[in-house]
Amino acid sequence: MLRFWQKRIKTGIVTENLEFDKELQNIQKEIKDKVKKYFAGSLAIRMVDSGSCNACEAECNALSNPYYDLERLGIHFVASPRHADVMLLSGVMTLNMYHHAKDVYNQIPSPKWLITLGDCAKDLGVFEKTYAIKGVDLPVDFHIPGCPPSPKEIIKGLLEFLRGFEK
Amino acid sequence: MRLIARFAKDKKDFFEVIDVFDKEIKRYKVDKNNPVLETITTKYPSAIWMERIIKDEFGIEFTGSFDNRPAIKHERFPKDIFPLRKDFNDKEINFAPFEEYHYEEISGDGVFVVPVGPVHAGIIEPGHFQFSQAGEEILHLEVRHFYKHRGIEKMAEGKNPLEFRKIVSRISGNESVAYQIAFFEILAKAGGGVIPESLKRKQAILLEMERIIHHLTDLGFIPNDAGFGAALSFMSKLSEDARRIMAKITGHRFGFDVIKENMQINRKILNPFLDNLKKELEFFEDWIIDIPSLWDRFDTTGALSKQKAIKYGVVGVGARASGIKMDVRDNIFYEKYGFKIQLGKKGEVADRFKVRIKEVFNSIEMIQNMITEKNEEFEFGEFEDGEYMSFVESSIGELFMYMEIKDSLIERFYVRDPSFINWQAFHTTIYKDIIADFPLINKSFDLSYAGNDL
């Protein structure tokens, strides 16, 4: 146990150790303010994969690692669509996921926003239309590009989305 | 004999079904007017999904098969089309009326069913798990997949192999490098070239980097599913470090589109990272082994017996944790750089966890031995028509790829992801456990849904 605490103190808090990225620090501050202003300090996201390659999911998971720790800014991924404000949708929207994704969207109480994540949710990215792909046809409010978007790009995207509320 | 894959092809005048075993390849001609073939599922249980898929894609019926339910054709997928036949070229199909899928369920007094998925509570890929429960004890589990079925095989057909590379990169994100190497090997075979040793080494370095990232992520998530969040914080920091290194040496965090004819790997970036990782991992191992409440959950949980693993032909970490010597890297090339096969004993969550730790150490050692500044030129020749196969040990297990080239274009492309086999054996591991152990067992295998569904 002692060893662990030694390690813990030596490592410090990596979230705040942002010498390598001042830009991100400013972004995170602005996000926190905006979430406070528009979502009473709590923005709940329901992530749905409609047929991605799983890299977008890996990057979303990375948002919770000690470097980014998104929860700290008031943004959290929730287990139920009924707890969500935002649906984050990745993937090409396969035929087999079509109705399930729609169900999730319908279960989110209004007001709700749909953010698509990654190139293939927008225009299939490098993929091409096949019999098994339907494509996203839900009302999209914002798109975060990238293949996959890195955690930093996702954070930047979320900020852009929040800035949209000012208009 | 171990079954690697059973898949079909449309040969214009007839269908061909190909069985790939570890020791031989069998081919069957199937009449198009009466597409019937005998099942092999009674001997090879992992052929169940393979045959169900062939039935869905080509309309071939298997006699003697005990599971004829559709696999990729879900409730609203039209059942009367056969998308991998050559005469099917529709890009847009309409939904069919809802047709119920009958899950394998156990019924009885006090027995109830817990359906989980396809959309899960966390940030995970979609798949469905149907549990039959007696209280907390799991009586049966059916794993149902193919929600993410994108029709990759059809997408490949008629394409120039070089153009298809960017899609191969993105079939399964966490195994991208493995997929690219498998495809590269096929292209090299078809192009009549021999991949120079230095290029092979660089490819192998990236493959080991991918494995390190994957294992580190799991080493965090497995304890986290047992309620030990500190390990997740520790490991997700390390895996983020590793991903950033991957981005530094390849220009992409997942290594998409990086396996090329010419590659450079910077020793100055890699070496300090590996030295540090080794130290961190030594600390982690020392620390985590001392937490008895964690091993209480890991030990005896999710046991995959050696016997079952052999029966299903389980591959990768799953097989090695059960004590099976099964690794594509078990060859002269890798041995030269310090490869040592890492085996477990009982196939429990604890074994898979320990195997992952040992494999990261081994990967670090191999990368250190493989780093080379040498730059040998390589170029693909003209692609010759024919059938080509390749095997690569991805971070999950043995990846099998098959491609037929005709008139320099892709005639048939088939991949059997390691997950595809392991998902089918998965249900055999839960019978002595309670439903709360499921996330733990699931994470200890950490299989791909995207690679499985194609």
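Just so we're clear, the structure is a prediction, and the values are computed from it rather than from any experiment.

**Q** Any chance you could explain the sheet that holds strand β3 (residues 86-90) of chain A here in plain terms?
**A** Pairing between sheet strands relies on hydrogen bonds along the backbone, with the strands arranged either parallel or antiparallel. All names here are of chain A. Read across the open sheet, the 5 strands follow the order β2-β1-β3-β4-β5; overall the sheet is parallel. In this open sheet, the two strands that pair with only one neighbour each are β2 (75-77) and β5 (142-144). Within the sheet, the average angular offset between the axes of one strand and its neighbour, ignoring direction, is 30°. Bridging between strand β1 (residues 43-49) and β2 involves 3 bridges; their strand directions are parallel. Looking at β2, one finds that I45 is bridged to F77.

**Q** Looking at this structure, I do not really get the domain arrangement of chain B. What am I missing?
**A** Accessible area lost upon the coming together of the parts is a frequently used measure of interface size. All names here are of chain B. As far as domains go, chain B holds domain 1 (3-144) and domain 2 (156-453). Summarising the inter-unit geometry, the C-alpha centres of domain 1 and domain 2 are found 26 Å apart. Each partner contributes residues to the interface: domain 1 has 37 residues there, and domain 2 has 32 residues. Between domain 1 and domain 2, the buried area comes to about 3000 Å², and carbon and sulfur atoms account for 65% of it. Taken together, the connections running from domain 1 to domain 2 amount to 5 salt bridges. Between E157 and K86 there is a salt bridge, and its shortest N-O distance comes to 3.1 Å. For the side of domain 1 that touches domain 2, the secondary-structure elements that each account for two or more residues are β1 (3-10), β2 (14-21), β3 (25-31), α1 (47-58), β7 (128-134) and β8 (137-144). Among the elements that line the side of domain 1 that touches domain 2, the one with the most residues is β1, at 8 residues. A breakdown of the residues in the side of domain 1 that touches domain 2 according to their chemical character gives 24 nonpolar, 4 polar and 9 charged.

**Q** In this structure, what is going on with the layout of surface pockets? I would like to understand it.
**A** If a probe as big as a water molecule is rolled over the atoms, it shows which places are left empty. All names here are of chain B. Quantified by volume, the second largest pocket comes out at close to 400 Å³. As for the second largest pocket, its lining consists of 19 residues, of which I181, E185, K200, Y334 and F391 are closest to the centre. At the level of elements, α4 (176-190), α5 (197-225), α11 (332-336) and β9 (386-393) are the ones that each hand at least two residues to the lining of the second largest pocket. Grouping the constituent residues of the lining of the second largest pocket by class yields 10 nonpolar, 4 polar and 5 charged.

**Q** Looking at this structure, how should I read the confidence of the model for chain A?
**A** Note: predicted coordinates in regions of low pLDDT should not be interpreted at a detailed level. When the pLDDT values of chain A are averaged, the result is 86; 95% of them are 70 or greater. Mean pLDDT across the secondary structure elements of chain A bottoms out at helix α2 (residues 22-39) of chain A, with 78, and peaks at β5 of chain A, with 94.

**Q** Is there a simple way to explain the environment of F400 of chain B in this structure?
**A** Residue and element names in this part refer to chain B. Mapped onto the fold, F400 is located in strand β10 (residues 398-406). Separated by 225 residues in the primary sequence, F400 and E175 have C-alpha atoms spaced 12 Å apart. Here F400 is in contact with I4, A5, F7, V20, M389, S390, F391, Y414, V415 and R416, once residues within four sequence places are set aside.

**Q** Sorry, what's going on with the packing of α5 of chain B against helix α14 (residues 438-445) of chain B here?
**A** Each pair of packed helices can be described by the angle between their axes along with the distance between the axes. Residues and elements named next belong to chain B. It is at 8 Å that the axes of α5 and α14 come closest, and there the two elements cross at 170°. Relative to α14, α5 is oriented roughly antiparallel. Here α5 contributes D218, F221, I222 and D225 to the contact with α14, which in turn contributes P439, L440, K443 and S444. When grouped by side-chain class, the residues that make up the contact of α5 with α14 number 4 nonpolar, 1 polar and 3 charged.

**Q** Honestly, the sheet that holds strand β11 (residues 409-416) of chain B in this entry has me stumped. Any pointers?
**A** All names here are of chain B. Read from one edge of the open sheet, 3 strands run β9-β10-β11, paired in antiparallel fashion. Edge positions in the sheet fall to β9 and β11, since each has one partner strand and no second. Each adjacent strand pair in this sheet contributes to an overall mean axis angle of 15°, direction not counted. The sheet contact formed by β10 and β11 spans 7 bridges and is antiparallel. When the sheet's bridge partners are listed, M403 is paired in β11 with F413. Running at roughly 145° to β9, α4 makes contact with β9, β10 and β11 of the sheet.

**Q** Where do I start with the interface of chain A and chain B in this structure?
**A** Of the residues lining the interface, 50 residues belong to chain A; the matching set on chain B comes to 61 residues. The largest per-residue losses of area from chain A upon contact with chain B belong to R3, N96 and Y131 of chain A, which jointly make up 17% of the total buried on that side. Note that K148 of chain B is salt-bridged to D49 of chain A, the shortest N-O span being 2.6 Å. Counting every contact that joins chain A to chain B gives 25 residue pairs in polar contact (both at pLDDT 80 or more). Broken down by secondary-structure element, the contributors of at least two residues to the side of chain A that touches chain B are α1 (2-11), β1, α3 (55-62) and α4 (98-107) of chain A. The element contributing the most residues to the side of chain A that touches chain B is α3 of chain A, with 7 residues. Among the residues making up the side of chain A that touches chain B, the classes are represented as 29 nonpolar, 12 polar and 9 charged.

**Q** Please explain the nonpolar core as it appears in this structure.
**A** When a protein is soluble and globular, its nonpolar side chains tend to lie buried together. With 130 residues, the main nonpolar core has L270, F284, F298 and F413 of chain B as its most contacted residues. Looking at which domains feed residues into this core, each of domain 1 (3-144) and domain 2 (156-453) of chain B supplies at least three. Ignoring anything within four residues of it in the chain, the contact list for F413 of chain B reads I152, E153, A156, F164, V168, I171, F183, M401, Y402 and M403 of chain B. Listed in part, the 30 residues of the second largest apolar core include F39, Y67, Y68 and L158 of chain A.

**Q** In this structure, what is going on with helix α3 (residues 161-168) of chain B? I would like to understand it.
**A** Helical periodicity: at 3.6 residues per turn, an α-helix aligns residues three or four positions apart in one direction. All names here are of chain B. The complete set of buried residues in α3 reads P161, F164, R165, I167 and V168. Seen along its axis, α3 keeps its buried residues to an arc of 165°; they face one direction. Of the surrounding elements, those touching the buried residues of α3 are α2 (152-156), α4, β10 and β11. Between the side-chain oxygen of the N-cap and the backbone nitrogen of L162 there are 2.9 Å, and the N-cap of α3 in question is N160.

Reading the values: the criteria
- Residue positions are given per chain, counting from 1 as you read along its sequence in written order.
- Both sets of labels track the order of writing: A upward for chains, 1 upward for ligands.
- Thresholds applied to this predicted model are a pLDDT of at least 70 for local features of residues and 80 or more for the giving and counting of side-chain atom pairs; totals over whole chains, interfaces and linings are not thresholded and use all residues.
- To get the side-chain values, all heavy atoms of the structure are used, and hydrogens and water are removed first.
- Only strands joined by at least two bridges in the DSSP assignment are considered to pair.
- A run of DSSP states H or I qualifies as a helix once it reaches four residues; a run of E qualifies as a strand once it reaches two. Both are numbered from the N-terminal end.
- Every axis corresponds to a line fitted to the C-alpha atoms, with the helix fit spanning only the stretch in contact, and the corresponding angles, defined between N-to-C directions, vary from 0 to 180 degrees.
- How far each domain reaches was decided by an automatic or database domain assignment.
- Contacts are residue-level and defined by heavy atoms, with any inter-residue pair within 4.5 Å sufficient.
- Buried area: the accessible surface (1.4 Å probe) lost by two parts on joining, summed over both.
- Only one rule defines a salt bridge in this text: a Lys or Arg side-chain nitrogen within 4 Å of an Asp or Glu carboxyl oxygen.
- Side-chain classes follow a simple rule in which Ala, Val, Leu, Ile, Met, Phe, Trp, Tyr, Cys and Pro form the nonpolar group, Asp, Glu, Lys and Arg form the charged group, and the remainder, Gly included, forms the polar group.
- Here a cavity denotes grid points, spaced 1 Å and computed from the protein atoms alone, that fit a 1.4 Å probe unable to get out, and a pocket denotes an open set having protein on both sides within 12 Å along at least 5 of 7 lines; residues with an atom within 4 Å of a point are the lining.
- Grid points are joined across faces, edges and corners, and a volume is the space filled by probe spheres set on the points.
- Per-residue confidence from the prediction method is given by pLDDT, with values spanning 0 to 100.
- The labels follow the angle: roughly parallel below 35 degrees, roughly antiparallel above 145, roughly perpendicular from 65 to 115, and oblique for the rest.
- For this analysis, a polar contact is any N or O atom pair within 3.5 Å, provided that within protein one partner can donate a hydrogen and the other can accept it, and provided that sequence-adjacent residues contribute only side-chain to side-chain pairs.
- For this analysis, a nonpolar core means a set of buried residues of the types Ala, Val, Leu, Ile, Met, Phe, Trp, Tyr and Cys, connected via side-chain atoms within 4.5 Å.
- Partly exposed residues are those whose accessible area sits between 20% and 50% of the maximum for their type, while under 20% is buried and over 50% is exposed, using a 1.4 Å probe and protein chains only.
- Our arc is simply the arc of the directions from the helix axis toward the C-beta atoms.

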